[in-house]
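# Residue-level structural notes
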Amino acid sequence: MEHPTRRAVATALLAAPVLASCSSGTPDASSPRRSAPGPDALASAGPQTVVLWHGLGGAAGTALTTVLDAWNAAPATPGITVQAVYQGNYSDVLAKYTAALRDGSTPHVLLTSDVTTGFVKDAGQTVSASALAAANPGDLDLDVLRPAARNYYTAGGVLLSVPFNTSLPLLFANDALLARAGVDPASLTTMTGLDTAARAVVAKVPGVKGFCHPTADGWWFEQVTAAAGDLYVTPDNGRSGTGATALSLHGPAQREALDLLTKLHVDGTALVVGANGDAAIQAFAAGQVALMFNSSGAIGSLAKTGATGWSTHPLPLSGPAASSGPLIGGASLWVDGKHEAAAQVAAWKVVSHLASASVQERFSQASGYAPVNVQVDDSPTQRAFLAENPAWAVAVEQFATAATSGATAGALTGALPGVRAAVVPAMDKAYGGDETLDTALDEATKAADTVISDYREQAGL
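Keep in mind that this is a model prediction, so the values were computed, not measured.

Rules used in this analysis
Residues numbered from 1 in each chain as written. Predicted model: local features only at pLDDT ≥ 70, side-chain atom pairs only at ≥ 80, totals over all residues. Heavy atoms only, no water. Helix = DSSP H or I, 4+ residues; strand = E, 2+ residues; numbered from the N terminus. Buried < 20%, exposed > 50% of the residue type's maximum accessible area, 1.4 Å probe, protein only. Contact = heavy atoms within 4.5 Å. Areas by Shrake-Rupley, 256 points an atom, 1.4 Å probe, with all protein chains shown as cover. Axes fitted to C-alpha atoms, helices over the stretch in contact; angles between N-to-C directions. Parallel < 35°, antiparallel > 145°, perpendicular 65-115°, else oblique. Left-handed = near helix turned anticlockwise from the far one by under 90°. Nonpolar A, V, L, I, M, F, W, Y, C, P; charged D, E, K, R; others polar. Pairing = 2+ DSSP bridges. pLDDT = per-residue confidence, 0-100. Core = buried A, V, L, I, M, F, W, Y, C linked by side-chain atoms within 4.5 Å. Salt bridge = Lys/Arg side-chain N within 4 Å of Asp/Glu carboxyl O.

Now for the overall build of the chain. Scanning the chain for helices and strands turns up 20 helices and 14 strands. Based on the C-alpha atoms only, the size of the chain along its principal axes is roughly 70 × 50 × 35 Å. Within the chain, buried positions represent 60% of all 461 residues. In the chain, the proportion of contacts linking residues at least 24 apart, taken out of those at least 6 apart, comes to 78%. In the structure as shown, the chain presents an accessible area of about 16,500 Å², 55% of it carried by carbon and sulfur atoms.

Relative to each other, helix α3 (residues 58-73) and helix α14 (residues 341-354) sit at 125 degrees, their axes nearing to 12 Å. Accordingly, the angle class assigned to the pair α3 and α14 is oblique. Remark: the crossing between α3 and α14 carries right-handed chirality. On α14, the residues touching Leu-64, Val-67, Leu-68 and Trp-71 of α3 are Lys-349, Val-350, His-353 and Leu-354. The class makeup of the residues in the contact of α3 with α14 is 6 nonpolar, 1 polar and 1 charged.

What follows is about the sheet that holds strand β13 (residues 310-314). Spatial ordering of the open sheet is given by β9-β12-β8-β13, a layout of 4 strands whose pairing is mixed. A single partner strand is all that each edge strand has here, and the edge strands are β9 (209-212) and β13. Along the sheet, successive strands turn relative to each other by an average axial angle of 20 degrees, direction set aside. Where helix α17 (residues 390-401) meets the sheet, it contacts β8 (169-174) and β13, and its direction lies at approximately 5 degrees from that of β13.

For the chain, mean pLDDT is 91; residues scoring 70 or higher make up 92% of the total. For the stretch residues 23-33, pLDDT sits under 50, and the model shows 21 contacts to residues farther than four places along the chain or on other chains.

The next subject is the packing of helix α19 (residues 416-431) against helix α20 (residues 437-459). Packing of α19 against α20 leaves a shortest axis separation of 8 Å and a crossing angle of 165 degrees. Between α19 and α20, the angle is such that the two are roughly antiparallel. Relative to α20, the crossing made by α19 is right-handed. Taking contact as the criterion, the partners of Gly-418, Val-419, Ala-422, Val-423, Ala-426, Met-427, Lys-429 and Ala-430 in α19 are, on α20, Leu-437, Ala-440, Leu-441, Glu-443, Ala-444, Ala-447, Ala-448, Val-451 and Ile-452. When the residues that make up the contact of α19 with α20 are grouped by side-chain class, the tally is 14 nonpolar, 1 polar and 2 charged.

A few words on the nonpolar core. Membership of the largest hydrophobic core comes to 74 residues, with the highest contact counts inside it found for Phe-211, Tyr-232, Leu-291 and Val-419. Every residue in contact with Tyr-232, bar those within four places of it in the chain, is listed here: Phe-221, Glu-222, Thr-225, Asn-237, Ala-246, Leu-247, Ser-248, Leu-249, Gln-254, Ala-411, Val-419 and Val-423.

All right, on to helix α10 (residues 219-227) then. With 9 of 9 residues buried, α10 lies mostly within the body of the structure. Of all the positions in α10, only Trp-219, Trp-220, Phe-221, Glu-222, Gln-223, Val-224, Thr-225, Ala-226 and Ala-227 are classed as buried. In the core, the buried residues of α10 are packed alongside β8, α11 (252-266), β12 (289-295), β14 (329-336), α18 (406-409) and α19. One or two steps after α10, the chain reaches Gly-229, where phi turns positive at roughly 80 degrees.

It is worth spelling out the environment of Leu-177 at this point. Topologically, Leu-177 is positioned in helix α8 (residues 175-180). Relative accessible area serves as the criterion here: at 8%, Leu-177 is assigned to the buried category. Along the chain, Leu-177 and Gly-268 lie 91 residues apart, while their C-alpha atoms are 17 Å from each other. Sequence-distant contacts of Leu-177, defined by excluding residues within four places in its chain, comprise Val-201, Val-205, Val-208, Gly-287, Val-289 and Ala-290.

Moving on: the pattern of salt bridges. Applying the stated criterion across every chain yields a total of 10 salt bridges. Between Lys-349 and Asp-139 there is a salt bridge, with the nearest N and O atoms lying 3.0 Å from each other. Linking Lys-349 in helix α14 with Asp-139 in the loop between α6 (129-135) and α7 (147-152), this pair joins segments that are 210 residues apart in sequence. Salt-bridge contacts for Glu-222 lead to Arg-420; the nearest nitrogen and oxygen are separated by 2.7 Å.

Pasting the structure below:
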C-alpha cells in the first residue's frame, strides 16, 4: 500500500501560499465554527452527482469502483449518483487538489492520504465529519468508526474526515528461521525482544540477516515514536493551539528505540534495503532476512511471491501499552464545503455509505485494507475470512485493540511530507555509520524545524 512519495513534499510546499489565501480571515472549515447543512437541503433539491477524487490503484481501486458502480446501479439514496475520478497516486492527488484550490474546481469528496491531513485541514475548504454527522443524524454514526482511526483524524475534539482505507504496521517473521535460532515468537512484543531475536538469527543461522525495514519511508520513524509513547511534533503532536511548531526526536523511549535500530544497521545485523520498498519484501520472501517491518499491505504482496512459513505480529512496543502503539496509514474522505448545501449533504450520504459495515467488509476483503467500521467484527463472513487468513487477522486485531493517546494520534501538520524528507536522509547517515545517532537527530531536527517554520509562515499560522 502506497505511502506518499517525496514528490508530495515539493507539491505541499509549493501549495502552501494557497493556504494563506484560502484561509486568511475565515474560519477553519474543518472546525465546529463552520455549520453543516442537514437533510432539508437535499430534500428541496433535484438530482445530485457527487464527484469523488481518489488515488487508489490496483486491487483497492478496483474494489472502490465496484462499490460505487453498485451504488449507481441502485443508489442507497435515490437521486444521487457518484462520479469517481482516479487522479493518479497519492502525490498526484495532492498536486491536483492544490491546483483545484487555486481555480475553485475542488471535488465534492476528496479521498486523500493520511500524510496530507494537516494540509487539507489548513486549506480551510472542508466541512468536518463531526459537523456533518451532527447535522445528519440519520446517516453515519461516528461511534462505529474504530477508535484508533478516529484518533488519527481528530483535532481539537473534531473528527475532520472519515477514514476509508486503513493500513497498519506489522512485524513479519520467518517462522522456520526463528525456530533455527531458538527464538520464541512470544518475545517479539517489544523492541528489545526484536533486537535479541535479530541478533540470535545472525549468530545461529549463517548467511541470514536478522531484520529489515523500508528505511526510505519516514512513516517508520513515526511508528517507532508512537510505539515508544512519545510525540513526534510539539506541541501535542500538532493537535492543539495553532498546530505543530517543532520536531521532537529526543524522547527517552523514542531515542532508545531509534538507537536500537541504528545499531542493528551499523553492526550488520540488519539488511539494508534502501529506497526500493519492494526490496524488503523480496528479501524476506527469499529467506534472506528473518524479521521485517512492513505495512499490512505487504500481506498480499508476500502471498503473490509464493512464500510460505511466515507469520505476522503486532508492532513491537518500547513504551507503556496504555499509551503506546501503532499509527494507521491509508486515506480518508473529506467533504468539500464550498459547494451548494444539497451537494454537501449528498456527498455526506456517499461518505456514510463508504464507511458502512457492509461496504467496509467487502472493500477490506477485496483490497487488503483493514475495515474501519467496528460492526464488521460481528459479521459471520468476516469471521470466516479471518479464520482463513490468520496473517490478516493479526492486523485487524491490532487495529481493534490499539491504544488511543496523543502519541498514537500521530503528527498533524501540513509540513509532514517535508518533515519526512528531512528525517530520512539524516537517519540514513546514522544507519550507514557516517554520523552518530545524536548528530543525525540534531541534523534532522534542524532541517525539519525549518520546514515547519516555513510552512507555518506561508500558511499564515
